[in-house]
Amino acid sequence: MKKTNGHFKRIAGLVARCLRTLRQAPVAFGLLWSADPMGTVLTQLASLAHGIMPAVYLYCSKEVIDSVTQWLGARDGIPHSAVFFLVAAGAALLIQEATGLLLGSYMSERLSRRIAIRIRELLLDKAAQLDVTFFETPAFHDRLMRAQQQSMGRPTSMAATLTGGLADLVGLLAYVVVLWQFSPWSLLILVAVTAPVLAVELGFGHLGYVTVQGQTEGERRIGYISNLLTSPAAAKEVRLFGLFPYLREAWSGLCQRHCRQKDSVALRRDVSRLVVVILRVGLMFAFYVAVVAKTARDPAMTIGAMIMVVQAMKLACTALAGVARAAGSFYADSLFLEDLVEFLKLQPTLQATGAPVSAVPLLQQSVEFRSVNFAYPAAESRVLEDVSFRIESGERIAVVGENGAGKTTLVKLLARLYDPC
């Protein structure tokens, strides 16, 4: 009992986190609009139209089948023109659907290219505002790497997922009406099919994000080692000191470890999806048997109606599964987009003391350090402690010391790239 309650609490918590991620939807659409307003509108309209068309086509198919059946029973009852008109209407809908898919695909590609440029612009602008100290901490580079690599296509994906999910819901309403007229109990099958899909997609969407986040430092190491092995600047040292086997082994080990982690997540996800598919097939098969049985004993149930009900259940299950997968995809995308949002919220720690002063060709006054202390973020000890000196105008001095003694730090403090403690 406690274990069951624990599962329900985890699922409820996951659903709550998913609902909270909806606050990233305005951020995603805002980024898309700033990158390409026309592409944003046309892409969403094409996606909505694509979601509505299957329901319209299903109704036309039902009318065609019933008309043909009635015509075969009484050849003078239904004119040929009515059947051919319905067939032509169905063909026109298929052409429209294909046209909408092509237009949506083109606009989606166009939007993806523009949003990638826009996000890079935002990242470059933010990086230019931040202090040098940010760039000297591993945590900042982890955050920057996630913002650069994982957020580029997320706004486009989130917008397409949200619009596609809404389109599926619009089409779903038509299927629900058909199924309700057949039997209100058939809606329970939709709920039974959807709940496991939603749990699987949300759970593994979160797990995928956690996996990628945990691999950020390793991915930076992989990039660094790869750069050492292929860059002209390091080629001489790598060969002179025989470092290639060591670096190659380290690079391969990191890559293999990351692959195993992602393979494990993918295998567990796909096995869970397979179990859900088997459950869905079993429920749908039971429903089909019930529909055939009702058609056999109910004269009012036409062949066209039977086919429409069966197809409505199939399409409704597909639409609901699509909505559940969309929810999982939107949830995962919003987590990655949140990394970008958090990065863009970073603020410089150096505060302007007044109007900046233009550089002068020759220093007219002295430079003085008076009891200056400095420590790098997360460092256990200070690099500079109670340092005082004075350099007069025109005086030439040399700063000498061991590695790590603080020589470069002095110069950066002089240029006010840092502030003293």
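The structure reproduced in this document is the subject of the present report.

Reading guide: rules and limits
Numbers given for residues are sequential positions, taken from 1 along each chain in its written order. Confidence filtering applies because this is a predicted model: local features only for residues at pLDDT of at least 70, side-chain atom pairs given and counted only at 80 or more, and all residues used for totals across whole chains, interfaces and linings. Hydrogens and water molecules were not included; the side-chain quantities draw on all heavy atoms of the structure. Secondary structure elements are taken from DSSP: a helix is a run of H or I of four residues or more, a strand is a run of E of two residues or more, and numbering for both begins at the N terminus. Expected span, for any helix, means 1.5 Å times one less than how many residues it has. The buried label goes to any residue with under 20% of its type's maximum accessible area, the exposed label to any with over 50%, and the partly exposed label to all in between, with areas taken from a 1.4 Å probe on protein chains only. Comment: arc refers to directions from the helix axis out to C-beta atoms. To qualify as a nonpolar core, a set must consist of buried Ala, Val, Leu, Ile, Met, Phe, Trp, Tyr and Cys residues joined through side-chain atoms within 4.5 Å. Every residue pair with non-hydrogen atoms within 4.5 Å of one another is taken to be in contact. Interaxial angles span 0 to 180 degrees and are taken between N-to-C directions of axes, which are lines fitted to C-alpha atoms, for helices over the stretch in contact. The cut-offs work like this: below 35 degrees is roughly parallel, past 145 is roughly antiparallel, 65 to 115 is roughly perpendicular, and the gaps in between are oblique. Each crossing gets its handedness from the near helix: less than a right angle anticlockwise from the far helix is left-handed, clockwise is right-handed. Each Phe, Tyr or Trp ring (for Trp, its six-membered ring) is paired with any other whose centre lies within 6.5 Å, and the angle between the two planes then decides the class: stacked below 30 degrees, edge-to-face above 60, tilted in between. By definition, a salt bridge exists where a carboxyl oxygen of Asp or Glu is found within 4 Å of a side-chain nitrogen of Lys or Arg.

## Details of helix α2 (residues 24-35)
Along its 12 residues, α2 runs 17 Å from first to last C-alpha, staying within 8% of the 16 Å computed at 1.5 Å per residue. Along α2, the residues classified as buried are Q24, A25, A28, L31 and L32. Along the axis of α2, the buried positions cluster into a sector of 130°, meaning they face one direction only. Seen from the open side of α2, the exposed residues pointing more than 90 degrees away from its buried face are P26 and W33.

## Describing the nonpolar core
One finds L123, F140, L337, L340 and F343 to be the most contacted residues of the largest nonpolar core, which totals 24 residues. Elements represented by at least two residues in this core include exactly α2, α4 (80-129), α5 (138-150), α6 (154-182) and α11 (303-344). The element best represented in this core is α4, accounting for 6 residues. Leave out the neighbours within four places in its chain, and F140 touches L130, F134, F135, F343 and L346. Residues I189, M306, M313 and A319 belong to the second largest nonpolar core, which totals 23 residues.

## Examining the packing of helix α7 (residues 186-214) against α11
Packing of α7 against α11 brings their axes to within 8 Å, and their N-to-C directions diverge by 25°. Viewed along their axes, α7 and α11 adopt a mutual orientation that is roughly parallel. By crossing handedness, the relation of α7 to α11 is classed as right-handed.

## Describing the packing of aromatic side chains
Any pair of aromatic rings gets described here by the distance separating the centres and the angle formed by the planes. As enumerated under the stated definition, the model contains 7 aromatic pairs in all. The interplanar angle of 15° and the centroid separation of 4.6 Å between the aromatic rings of F369 and F389 together place this pair among those described as stacked. Taken as a pair, F369 in strand β1 (residues 367-374) and F389 in strand β2 (residues 384-391) lie far apart in primary sequence, 20 residues in all. F369 sits in the buried class, given a relative accessible area of 8%. A network of ring pairs unites the aromatic residues F134, F135, F140 and F343 as a single cluster.

## Some remarks on unusual backbone geometry
Positioned with a positive phi, S371 is a non-glycine residue whose angle comes to about 55°. Inspection of the secondary structure puts S371 in strand β1. Overall, the relative accessible area of 42% leaves S371 in the partly exposed class. For D386, which is not glycine, the phi torsion reads 55° and is therefore positive. Take D386: it is sitting in strand β2.

## Overview of the pattern of salt bridges
Close approach of charged atoms allows side chains of opposite charge to pair. Considering all chains together, one arrives at 13 salt bridges under this definition. Taking the shortest distance from any N to any O, the salt bridge between D36 and R114 comes out at 3.9 Å. Linking D36 in the loop between α2 and α3 (37-73) with R114 in helix α4, this pair joins segments that are 78 residues apart in sequence. You can call D36 buried: its relative accessible area is 5%. Note that R273 is salt-bridged to D270, the shortest N-O span being 3.8 Å. Residue R273 and its partner D270 are both found in helix α10 (residues 244-297); the two are separated by 3 residues, about one turn of the helix.

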